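Each chain, written out:
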Amino acid sequence: MKEQKSECPYTGNALCIDKLGSGEYAIDHILPQAHNGPNSLYNKVLTFERQNKNKGDNLPAQWDFIKEQGKAYESRVKKNIKDPKKQALLLASDLEEAQALAEKYTGLAVTGWIARLARDIICLRMNWHPGGKDLPRNITVVSGGLVSRVAKKYGLYECLGDGGSRYVKNRDDKRHHALDAMVISYLPEWARDKQKTGFFSISRRC
């Protein structure tokens, strides 16, 4: 409820915490499970039971109720929903786009899980403490999102001089992957610098 600013993204009506459990509200899968929507937080919003039933197995963009709202719906989502994954799904223009986004996000989640598992196995093998608050960390797990954020902030992709955008990574160009590797090599040190907390902070570390 808090991440939606206590507002239903579909209707714009207020959601009251005192009414949770009353049966008036329902959790909706933005990309319906009937269309292989994941059971993940980024694919869920709190709405009214009536709207949840009326939406059925539709994507928001396919639902007449949303179509009739026009730009008002889009503006409300951009204002209240800060999770970029959830926002993208809420604004997906068609089913194919939404399914592609969900597949991408699921892939990123699996990659992150594998990275953390590899970290834990290495720590066990080397008899290293896994680290924690105010404890040293021998291994740093860097999220792809942070790498992308740093590369875009400094326009690294644009520096390649191939006419590309500073904000878009070309996954078919090995030089772009090399730039990502360079960023990754710096991030562990940046993460330990108290002056760089915030933008360069790493939430998943060992």
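Computed from a predicted structure; not experimentally measured. (Residues numbered from 1 in each chain as written. Predicted model: local features only at pLDDT ≥ 70, side-chain atom pairs only at ≥ 80, totals over all residues. Heavy atoms only, no water.)

Student: Give a detailed account of a nonpolar patch on the surface, specifying residues and quantitative values.
Tutor: On the surface, V110, W113, I114, L117 and I121 cluster together into a nonpolar patch covering about 480 Å² of accessible area. Mapped onto the secondary structure, V110 falls in helix α5 (residues 95–126). (Patch = residues over 30% accessible without salt bridge, like charges linked within 9 Å, V, L, I, M, F, W, Y side chains within 5 Å. Areas by Shrake-Rupley, 256 points an atom, 1.4 Å probe, with all protein chains shown as cover. Salt bridge = Lys/Arg side-chain N within 4 Å of Asp/Glu carboxyl O. Helix = DSSP H or I, 4+ residues; strand = E, 2+ residues; numbered from the N terminus.)

Student: Lay out the pattern of salt bridges in plain terms, naming residues and giving numbers.
Tutor: Applying the stated criterion across every chain, the model contains eight salt bridges. Note that E74 is salt-bridged to K71, the shortest N-O span being 3.4 Å. Taken together, the positions of E74 and K71, both in helix α3 (residues 71–80) and three residues apart, correspond to about one turn of that helix. Among the residues examined, E74 registers a relative accessible area of 26% and is labelled partly exposed. According to the relative accessible area criterion, K71 is exposed, its value standing at 61%. Each of the salt bridges in this network shares a partner with another, and the network as a whole consists of K71, E74 and K78. (Buried < 20%, exposed > 50% of the residue type's maximum accessible area, 1.4 Å probe, protein only.)

Student: Please give an account of α5 that cites residues and values.
Tutor: Between its first and last C-alpha atoms α5 spans 47 Å; for 32 residues at 1.5 Å apiece the expected length is 46 Å, and the two agree. Turning to α5, its buried residues are A98, L101, A102, Y105, G112, R119 and C123. Packing partners of the buried residues in α5 comprise α4 (84–90). One or two residues past the end of α5 sits N127, with phi positive at roughly 60°. (Expected span 1.5 Å × (residues − 1). Contact = heavy atoms within 4.5 Å.)

Student: Break down the pairing of strand β2 (residues 44–48) for me, citing the residues and quoting the values.
Tutor: Within β2, four of the five residues are buried, which leaves the element mostly enclosed by the surrounding structure. Note that strand β1 (residues 25–29) and β2 share five bridges and pair antiparallel. Across the sheet, residue I27 finds its bridge partner in β2, namely L46. (Pairing = 2+ DSSP bridges.)

Student: Tell me about the nonpolar core, and please be specific about residues and values.
Tutor: Core analysis: the biggest nonpolar cluster contains 23 residues, and Y10, L15, I30, Y73, L89, L90 and A98 have the highest contact counts within it. With four residues, the top contributor of residues to this core is α5. Core analysis: the next-biggest nonpolar cluster, separate from the first, contains 10 residues, L146, V150, L156 and Y157 among them. (Core = buried A, V, L, I, M, F, W, Y, C linked by side-chain atoms within 4.5 Å.)

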